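Spelled out, the chains give:
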Amino acid sequence: MSRRIHVVPHDSGWATRREGASRVGSTHGTQAQATEAARNTAIRERGEVVIHRPDGRIRDAASYGNDPFPPKG
């Protein structure tokens, strides 16, 4: 199972969904709550969080672990 967790719009709120999963992991009332839940899991599992906009486009991403492409500088 992927360690990439997406924060996606879901029904009348937001949800966390592992990449490749057909079902959501958890649902939340706000994007901030869903992002925090995804972040906590990603820190624990040394994964990545991908945050989407309400229209489904990617807004932001953050890695919590060994980043294979760390920023240069």
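Computed from a prediction, not measured in an experiment: that's the story for all the values here.

Asker: When you look at the overall build of the protein in this model, what are you seeing that I'm missing?
Answerer: Helix and strand content of the protein: 1 helix and 5 strands. For the protein, the N- to C-terminal ordering of α and β elements is β-β-β-α-β-β. In terms of overall dimensions, the protein is globule-like: its C-alpha atoms have a radius of gyration of 12 Å, near the 11 Å expected for 73 residues. By principal-axis analysis of the C-alpha atoms, the protein measures approximately 40 × 25 × 20 Å. Per-residue burial for the protein yields a buried fraction of 25% across its 73 residues.

Asker: Before we go on, may I ask you to explain the nonpolar core in this structure?
Answerer: Across soluble globular proteins, nonpolar side chains show a tendency to be buried alongside one another. Counting 8 residues, the largest nonpolar core is built from Ile 5, Val 7, Trp 14, Ala 34, Ala 38, Ala 42, Val 49 and Ile 51. If you list the elements that add at least two residues to this core, you get β1 (4–10), α1 (31–45) and β4 (48–52). Leaving out residues up to four positions away in the same chain, Ile 5 has contacts with Thr 16, Arg 17, Arg 18, Ala 38, Thr 41, Ala 42, Glu 48, Val 49 and Val 50.

Asker: Would you mind going over the side chain of His 52 with me for this structure?
Answerer: One can find His 52 in strand β4. His 52 sits in the buried class, given a relative accessible area of 10%. Within the local environment of His 52, its side chain forms a polar contact with the side chain of His 6, the two groups lying 2.8 Å apart. Excluding anything up to four places from it in sequence, His 52 contacts His 6, Val 7, Val 8, Pro 9, Trp 14, Gln 31, Arg 57, Ile 58 and Arg 59.

Thresholds, definitions, all that
Residues numbered from 1 in each chain as written. Predicted model: local features only at pLDDT ≥ 70, side-chain atom pairs only at ≥ 80, totals over all residues. Heavy atoms only, no water. Helix = DSSP H or I, 4+ residues; strand = E, 2+ residues; numbered from the N terminus. Rg over C-alpha atoms; globule rule 2.2 N^0.38 Å. Buried < 20%, exposed > 50% of the residue type's maximum accessible area, 1.4 Å probe, protein only. Core = buried A, V, L, I, M, F, W, Y, C linked by side-chain atoms within 4.5 Å. Contact = heavy atoms within 4.5 Å. Polar contact = N/O pair within 3.5 Å; in protein donor to acceptor, adjacent residues only side chain to side chain.

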